[in-house]
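# Working through the structure, step by step
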Amino acid sequence: MSRSLLLLFLQCVGVQCHQFIHPLSHVNVAATSQLIDNSIHIQASPVVLNGSGSSVKVTWSGVTSPSTGDWIGVYAPSKADFSQKAPVKYQYAHACPTHMESGSGSLTFRMVNMRTDIGFVFFRNGIKKPVVAAVSNSVQFKNPNEPLQIHLALTHDPKTISVTWVSGAVSNPQVKWGSSSGQYTHVTKAVWTTYSVSDLCGGAATTLGWREPGWIITANMTSLYPGMLYYYMVGDDTYGWSKELSFSAPKLPDPSVATRVVAFGGECV
């Protein structure tokens, strides 16, 4: 049986290409002002998150004359300058049905570990001229330096797989792997790099949208047996290890199997 590799390129002919506008760009950060309302109480829980992807429940009360322009913004770090930094996400308070009735409610936010603490801010007056009315307690991750964004890549050697991940700090990062779960018979030391704001091209990425990227770490798993299932973990003893993951090593190229490539494309006008 032949194997086909189909590469599809977006074709836009005769129409104007759609330009994506990020929802956070609608928040007018520069117009943000502050008028704390002591009658509004906002609380986030739990205060310690086990890992990336954990959920935070934000509750609030005491809002007089609740409005559809009330919203909750999420900031990392929690003590960010709200007139200089964009929120990492936000939700309108009226997404909770009780807000418009009683000026109280709750919403749940799923949080990615951004290697810093997190704060939640209750805003009034919409997102074009937002007004800070109340600020929550801070929330932290149990391990802000947990290995994240783990992914595999092929290399020029079919018996070698590269693994890359991100961490907030490095000590002696490694990948350890083996052909049995929990038994890691091979270890490879990793290399790491990062980038700074000066490496970017400007615009919002270097100002209100800038986030510390952490360290980008890479290691190779070598001498793999084609088609074999392997188990692996990445990290180090100082800053913690990932959970166990697995993959099947790629099979060696077979000259008897044809590979067909189909490509099409167009020009955006």
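Relevant structure appears above.
Below: a short report on this structure. A quick note: this is a predicted structure, and the numbers were derived from the prediction, not measured. (Residues numbered from 1 in each chain as written. Predicted model: local features only at pLDDT ≥ 70, side-chain atom pairs only at ≥ 80, totals over all residues. Heavy atoms only, no water.)

### Details of the overall build of the protein chain
The cut-off we apply is this: Put simply, DSSP H or I for four residues or longer makes a helix, DSSP E for two residues or longer makes a strand, and each gets a number counted from the N terminus. Per-residue accessibility, obtained with a 1.4 Å probe over protein chains only, is compared with the maximum for each type, and a residue is labelled buried under 20%, exposed over 50%, and partly exposed between these values. Contacts were defined at the residue level, with two residues in contact if any of their heavy atoms lie within 4.5 Å. For accessible areas, the Shrake-Rupley method is used with a probe of radius 1.4 Å. Any residue's cover is judged against the shown protein chains and nothing else.
Each helix and strand counted, the protein chain has one helix and 21 strands in total. For the protein chain, the proportion of its 269 residues judged to be buried stands at 35%. When contacts within the protein chain are restricted to residue pairs at least 6 apart in sequence, those whose partners lie at least 24 apart make up 65%. When the accessible surface of the protein chain is totalled, it reaches about 15600 Å², and 55% of it is carbon and sulfur.

### Quick notes on the sheet that holds strand 10 (residues 131-135)
So the rule is basically this: The pairing criterion is simple: DSSP has to find at least two bridges between the two strands.
Strand order in this open sheet of five strands is 2-10-9-6-7, and the pairing throughout is mixed. In this open sheet, the two edge strands, each paired with only one partner strand, are strand 2 (33-34) and strand 7 (89-92). Here four bridges tie strand 6 (residues 71-75) to strand 7, and the two strands are oriented antiparallel to one another. By the bridge assignment, Gly 73 is partnered in strand 7 with Tyr 90.

### With respect to the sheet that holds strand 16 (residues 191-193)
What counts is decided by this rule: The axes are straight lines fitted to the C-alpha atoms, using for helices just the contacting stretch, and the angles between their N-to-C directions are given from 0 to 180°.
Overall, antiparallel pairing links the four strands, which are arranged 12-13-17-16 in an open sheet. Each of the sheet's edge strands pairs with one partner strand only, and the pair in question is strand 12 (148-154) and strand 16. Neighbour to neighbour, the strand axes of the sheet diverge by 20 degrees on average, direction disregarded.

### Comments concerning the packing of aromatic side chains
Formally: Two aromatic rings, drawn from Phe, Tyr or Trp (for Trp, its six-membered ring), form a pair once their centres lie within 6.5 Å of each other, and the interplanar angle then sorts them: stacked below 30 degrees, edge-to-face above 60, tilted otherwise.
Taken as a whole and judged by the stated rule, the model has 11 aromatic pairs. Aromatic side chains Tyr 230 and Phe 247 sit 5.8 Å apart centroid to centroid with 25 degrees between the ring planes, which places their arrangement in the stacked category. In this pair, Tyr 230 sits in strand 18 (residues 229-236) while Phe 247 sits in strand 20 (residues 245-248), placing the two residues 17 residues apart along the sequence. Assessed through its relative accessible area of 6%, Tyr 230 is described here as buried. The class for Phe 247 is buried, based on a relative accessible area of 8%.

### A look at the pairing of strand 3 (residues 41-45)
Judged by which residues are buried, strand 3 turns out to be one-sided: Ile 42 and Ala 44 face inward and are buried, whereas His 41, Gln 43 and Ser 45, on the alternate face, are not. Relative to strand 5 (residues 55-61), strand 3 runs antiparallel, the two being bridged by five bridges. What sits directly across from Ala 44, in strand 5, is Val 58.

### Observations concerning empty space enclosed by the protein
Threshold: Method remark: on a 1 Å grid restricted to protein atoms, a set of points is classed as a cavity if a 1.4 Å probe fits but cannot get out and as a pocket if it is open with protein on both sides within 12 Å along at least five of seven lines; lining residues have an atom within 4 Å of a point. Grid points are joined across faces, edges and corners, and a volume is the space filled by probe spheres set on the points.
Taken as a whole and assessed by the stated rule, the structure comprises one cavity of 30 Å³ or more. Roughly 40 Å³ of internal volume is contained in the largest cavity. Asn 145, Pro 147, Trp 165, Ser 167, Ala 169, Pro 173, Ile 217, Gly 235, Asp 236, Tyr 239 and Gly 240 are the residues that line the largest cavity. Those elements giving two or more residues to the lining of the largest cavity turn out to be strand 13 (161-167) and strand 18.

### Some thoughts on the environment of Ser 248
Note on placement: Ser 248 falls in strand 20. Considered as a pair, Ser 248 and Tyr 230 are 18 residues apart in the sequence and their alpha carbons are 6.1 Å apart. In this view, Ser 248 contacts Gly 227, Met 228 and Leu 229; residues no more than four positions away in its chain are not counted.

### Some details on the nonpolar core
Keep this limit in mind: Definition used in this section: a nonpolar core is a set of buried Ala, Val, Leu, Ile, Met, Phe, Trp, Tyr and Cys residues joined via side-chain atoms within 4.5 Å.
In terms of nonpolar packing, the biggest core is built from 24 residues, with Trp 60, Ile 72, Met 111, Phe 120 and Phe 122 touching the most fellow members. Of all the secondary structure elements, the ones that give two or more residues to this core are strand 3, strand 5, strand 6, strand 8 (105-110), strand 9 (119-124) and strand 10. A per-element tally of this core places strand 5 first, with three residues. Beyond its immediate chain neighbours, meaning those up to four positions away, Met 111 contacts Leu 49, Ser 52, Gly 53, Ser 54, Val 56, Val 74, Val 88, Lys 89, Ile 118, Phe 120 and Phe 141.

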